[in-house]
Amino acid sequence: MRKLFTLFLLVGFLAHASANSSCKPCADIIFRENKGQWQSHILYKAEIKNGAIFFEQNQITFNLFDTRDITRIKGDHHKLENYKQTIDYTLHFHAFRMKFENAAVPEATGTDAIQEYFNYFIGSDPSKWASRVRGFHEVNYQNLYNGIHLNIASKDGSLKYVYEVEKGTDVSQLKITFEGTNGISISANGNLEIKTAV
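Note that the structure is predicted; figures quoted are calculated from it, not measured.

Below, the discussion takes up unusual backbone geometry. At Asn 102, a residue that is not glycine, the phi angle is positive and equals roughly 55°. Following the sequence through the fold, Asn 102 ends up in the loop between β6 (93–100) and β7 (107–121). When its relative accessible area of 70% is taken as the criterion, Asn 102 is described as exposed. Within the chain, Asp 112 stands out as a residue other than glycine whose phi angle is a positive 60°. With respect to the helices, strands and loops of the structure, Asp 112 is situated in strand β7. By relative accessible area, which is 47% here, Asp 112 ends up partly exposed.

Printed below as a string of structure tokens:
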């Protein structure tokens, strides 16, 4: 018998996608497999409204940018005739990691595949090209720890983490640390809040 417990990681940057609410796939976070188009330690990548999330073997890396920078740059983009740059084109980023301390070497697999696929032709080096890259609605880490499995899924434009714990498992194995944040706290209603520079 297995027990389930769920962690909703509610962070300001994981806002709902700015898409038509009647278009459910538009609001979903899609996990794209790595077929050699990215560095080898990346297993899956998800693009969100203001950045990207990289799913690795024992950690998850968040790379975020300030959406106000994009709004500012877009406003200046259409000045084509006699154009002179009048604004700052600097983009501000913040990256941090969610690490599973002393985790095993889990088997990570994508489930609930979408019908579409993606092609990547990065630069002139064919070794960085990948075609028919699949996308998934969920990523599963089997045996992240002995007897502990992790399912990560998209829920209303945010990430939902479900830990599946086998009977008799020592749950104290599960230890998560955060590196590179500007602070973490627990809100009044019990949500984990992560502060970043953006």
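The subject of this paragraph is the environment of Ala 130. Locating Ala 130 in the fold gives a position in strand β8 (residues 129–145). On the basis of relative accessible area, Ala 130 is assigned to the buried category, the value being 5%. Beyond its immediate sequence surroundings of up to four residues, Ala 130 is in contact with Lys 35, Gln 37, Phe 118, Asn 119 and Tyr 120.

Counted by the stated rule, this structure contains six aromatic pairs. On the basis of an interplanar angle of 80° and a centroid distance of 6.1 Å, the ring pair of Tyr 44 and Phe 136 is categorised as edge-to-face. In this pair, Tyr 44 sits in strand β3 (residues 44–48) while Phe 136 sits in strand β8, placing the two residues 92 residues apart along the sequence. The same class applies to Tyr 44 and to Phe 136, which are both buried. Taking the ring centre of Phe 118 as reference, the NZ or CZ of Arg 32 above it sits at 3.7 Å. Of note, Arg 132 hangs over the ring of Tyr 117, and the distance from its end group to the ring centre comes to 4.0 Å.

So, on to the side chain of Asp 28. Note on placement: Asp 28 falls in the loop between α1 (24–27) and β2 (31–33). Since its relative accessible area comes to 14%, Asp 28 is described here as buried. Not counting the four nearest positions on each side in its chain, Asp 28 is found in contact with His 137 and Ser 154.

Now for the confidence of the model for the protein chain. Here the protein chain averages 84 in pLDDT, while 80% of its residues score no lower than 70. Across the protein chain, the secondary-structure element scoring lowest on mean pLDDT is strand β1 (residues 2–8), at 49, and the one scoring highest is β2, at 97. Under a pLDDT of 50 for its full length, residues 5–25 has, in the predicted model, 41 contacts with residues more than four places off or in other chains.

Let us look at the pattern of salt bridges. On inspection of all chains with the given rule, the structure shows four salt bridges. Between Glu 47 and Arg 32 there is a salt bridge, with the nearest N and O atoms lying 3.9 Å from each other. Highlighted residues: Glu 47 in strand β3 and Arg 32 in strand β2, separated in sequence by 15 residues. With relative accessibility at 18%, the residue Arg 32 sits in the buried group. One salt bridge in this structure joins Arg 134 and Glu 33, with 3.2 Å as the shortest N-O distance. One end of the pair, Arg 134, is in strand β8; the other, Glu 33, is in strand β2, and 101 residues separate them in sequence.

On the surface, a nonpolar cluster with roughly 310 Å² of combined accessible area is contributed by Phe 121, Ile 122 and Trp 129. Within the secondary structure layout, Ile 122 lies in the loop between β7 and β8.

Cut-offs used in this document
- Along each chain, residue indices are assigned from 1 in the same order as the chain's sequence is written.
- Two thresholds apply to this predicted model, a pLDDT of at least 70 for residue-level local features and 80 or more for giving and counting side-chain atom pairs, whereas whole-chain, interface and lining totals are computed over all residues.
- Based on all heavy atoms of the structure, the side-chain values leave hydrogens and waters out of the count.
- Elements are defined by DSSP. Helices are runs of H or I of four residues or more, strands are runs of E of two residues or more, and each kind is numbered from the N terminus.
- Relative accessible area decides the class of each residue, using a 1.4 Å probe on protein chains only: under 20% of the type maximum gives buried, over 50% gives exposed, and in between gives partly exposed.
- Two residues qualify as a contact provided that any one of their heavy atoms is within 4.5 Å of a heavy atom in the partner residue.
- Note on aromatic pairs: the rings of Phe, Tyr and Trp (six-membered ring only in Trp) are paired at centre separations within 6.5 Å, and the planes decide the class, stacked below 30 degrees, edge-to-face beyond 60, tilted for the rest.
- Either the NZ atom of lysine or the CZ atom of arginine qualifies as a charge over a ring when it sits within 6 Å of the ring centre and within 35 degrees of the ring normal.
- Each residue carries a pLDDT value, the predictor's own confidence for that position, ranging from 0 to 100.
- Criterion for a salt bridge: a side-chain nitrogen of Lys or Arg within 4 Å of a carboxyl oxygen of Asp or Glu.
- To count toward a patch, a residue needs a relative accessible area over 30% and no salt bridge; like charges are then connected within 9 Å, while nonpolar side chains (Val, Leu, Ile, Met, Phe, Trp, Tyr) are connected within 5 Å.
- Accessibility throughout is a Shrake-Rupley quantity obtained with a 1.4 Å probe, and a residue counts as covered only by protein chains that appear here.

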